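Chains, contacts and geometry: an overview
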Amino acid sequence: MEADAADAAVSHSDLVVRGPLFGVAAQSEDDGPRWRVVVEVTNGCPQQARDGLNSLLWFRAKDDAKSPAERRALLAAVARLEKEYVDELTVLDTRYRVVRAEEYAAADAYGDLETPRPTDPEPLTPDWSPGSGALSPRVDDGLVLDPDAPLSPLQAAERLSLRSLAYTGARFPDAVLHDSARALESHPDVMLMPAAFLIVERSGAEPWTPGSGLQATAHDARRTLAFSLSWWEPRQRGLIPFDAEPDVDARTVVAENTSPAAVELAVFAEATERLRAGNLNQVEVHGTVSRIARARRLLRWGHDGPEGPRPSDINTHGPQALHPRLDEHGTVHFEEPTEDETAP
């Protein structure tokens, strides 16, 4: 892994910063300075992470609470999250914090993003069967953020080099630049999260654009790309009807030769087969190059732990109720409360 990292530092020495991602971390008394990721740090805005915490606490109240008092405490936190922009709260002696990470990728001198490294985790036998993704690990599943964890020399050097990472340039609003500069002082240390993987796409000389969310392994990203090429894109282009049977894809249509679009579908089928047979990290179809890129995330860290959302971070929507009403006895009420239920 050290050799791979050293090679990547030479071949892909530039950084491409995509922007912030958000999740939720928790800390209990027994955790010391460590924080545990409980909502994966993959959300595009802080409110999506708050919504994730809302659901986490609601289901704990429904399924795991051991007493009405414990359920009331969890539901009180849910009630706040339904109405307020809450970035930190304590529930039953556990602190929950919305955390902010910077997503970036390494690029070479030509602007091509880094692909998976030989030592990145891969299954011994790749599973392409439908539904196999449900059994795959989730991004950040069980991840512990430990500021005192031992580092290799290259990891320490990378962390040191990224401590000064901040937004610059006229294309950023003043508030974003101000918050970015202030974060260097309020959260001077950084923690590098495990690599994740996504599909990026490019047509001609255009820049790379994301084509998927983050996946825990490169194989999960390849499987997502295979599904897109064989199932989603043919339907999106009208080559296969959206109301076709779920198991109908470009490969089955070409094999059965049942559609006048079979010639065009053959391009998608062939690309899917090449991707699967060669475990490839890049394919091109109809002038669009799809690549499996290796993404990194950087958490800024201060004296009280990971950085939360900045004032200039944008929410795409506001707080809202996400689940039916749950009472302190664990009963779910799908109907609206009656006047007697809401009376003091």
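Just above, that's the structure.
Before going into details, it helps to say that this report is about the structure given with it. Each chain carries its own residue numbering, running from 1 in the direction its sequence is written. Where local features are concerned, this predicted model is filtered to residues with pLDDT of at least 70; where side-chain atom pairs are given and counted, the filter is 80 or more; whole-chain, interface and lining totals use all residues. Hydrogen atoms and water are omitted, and side-chain values are computed over all heavy atoms in the structure.

Some words on the overall build of the protein
Looking only at helices and strands, the protein has nine helices and 13 strands in total. With the C-alpha coordinates of the protein rotated into their principal frame, the extents come out at 70 × 55 × 40 Å. When contacts within the protein are restricted to residue pairs at least 6 apart in sequence, those whose partners lie at least 24 apart make up 70%. All accessibility values rest on the Shrake-Rupley procedure with a 1.4 Å probe; residue burial counts only the protein chains present in the view. In the structure as shown, the protein presents an accessible area of about 18,200 Å², 54% of it carried by carbon and sulfur atoms. Separation of charge centres in the protein, based on 35 positive and 57 negative side chains, amounts to 3 Å. The numbering of helices and of strands both runs from the N terminus, where a helix is a DSSP run of H or I of at least 4 residues and a strand a run of E of at least 2. Pairs of residues are marked as contacts when any of their non-hydrogen atoms sit within 4.5 Å. Counted charges follow a simple rule, with Lys and Arg positive, Asp and Glu negative, and His plus the chain ends left uncounted. The atom standing in for a charge is NZ when the residue is Lys, CZ when it is Arg, CG when it is Asp and CD when it is Glu.

So, empty space enclosed by the protein
Whether a set of points on the 1 Å grid over the protein atoms alone is a cavity depends on a 1.4 Å probe fitting there but being unable to get out, while an open set qualifies as a pocket with protein on both sides within 12 Å along at least five of seven lines; lining residues are those with an atom within 4 Å of a point. Grid points are joined across faces, edges and corners, and a volume is the space filled by probe spheres set on the points. Per the counting criterion, the structure on display carries one cavity of 30 Å³ or more. One number sums up the size of the largest cavity: a volume of about 60 Å³. What lines the largest cavity is Glu102, Leu165, Ala166, Tyr167, Ser180, Leu298, Arg300 and Arg310. Among the residues making up the lining of the largest cavity, the classes are represented as four nonpolar, one polar and three charged. Gly falls in the polar group here, along with every residue not listed as nonpolar (Ala, Val, Leu, Ile, Met, Phe, Trp, Tyr, Cys, Pro) or charged (Asp, Glu, Lys, Arg).

Considerations on the layout of surface pockets
Roughly 360 Å³ of internal volume is contained in the second largest pocket. At the level of secondary structure, the elements contributing two or more residues to the lining of the second largest pocket comprise helix H6 (218–236) and helix H8 (262–278). A per-element tally of the lining of the second largest pocket places H6 first, with six residues. Residue composition of the lining of the second largest pocket, grouped by class: six nonpolar, seven polar and five charged.

As for the side chain of Thr94
With respect to the helices and strands, Thr94 occurs in strand S4 (residues 94–107). Each residue's exposure class comes from its accessible area (1.4 Å probe, protein chains only) as a fraction of the maximum for that residue type: buried when under 20%, exposed when over 50%, partly exposed otherwise. Taking relative accessible area as the criterion, Thr94 reaches 13% and is therefore assigned buried. In contact with Thr94, other than residues within four places in its own chain, are Ala26, Gln27, Ser28, Arg36 and Leu89.

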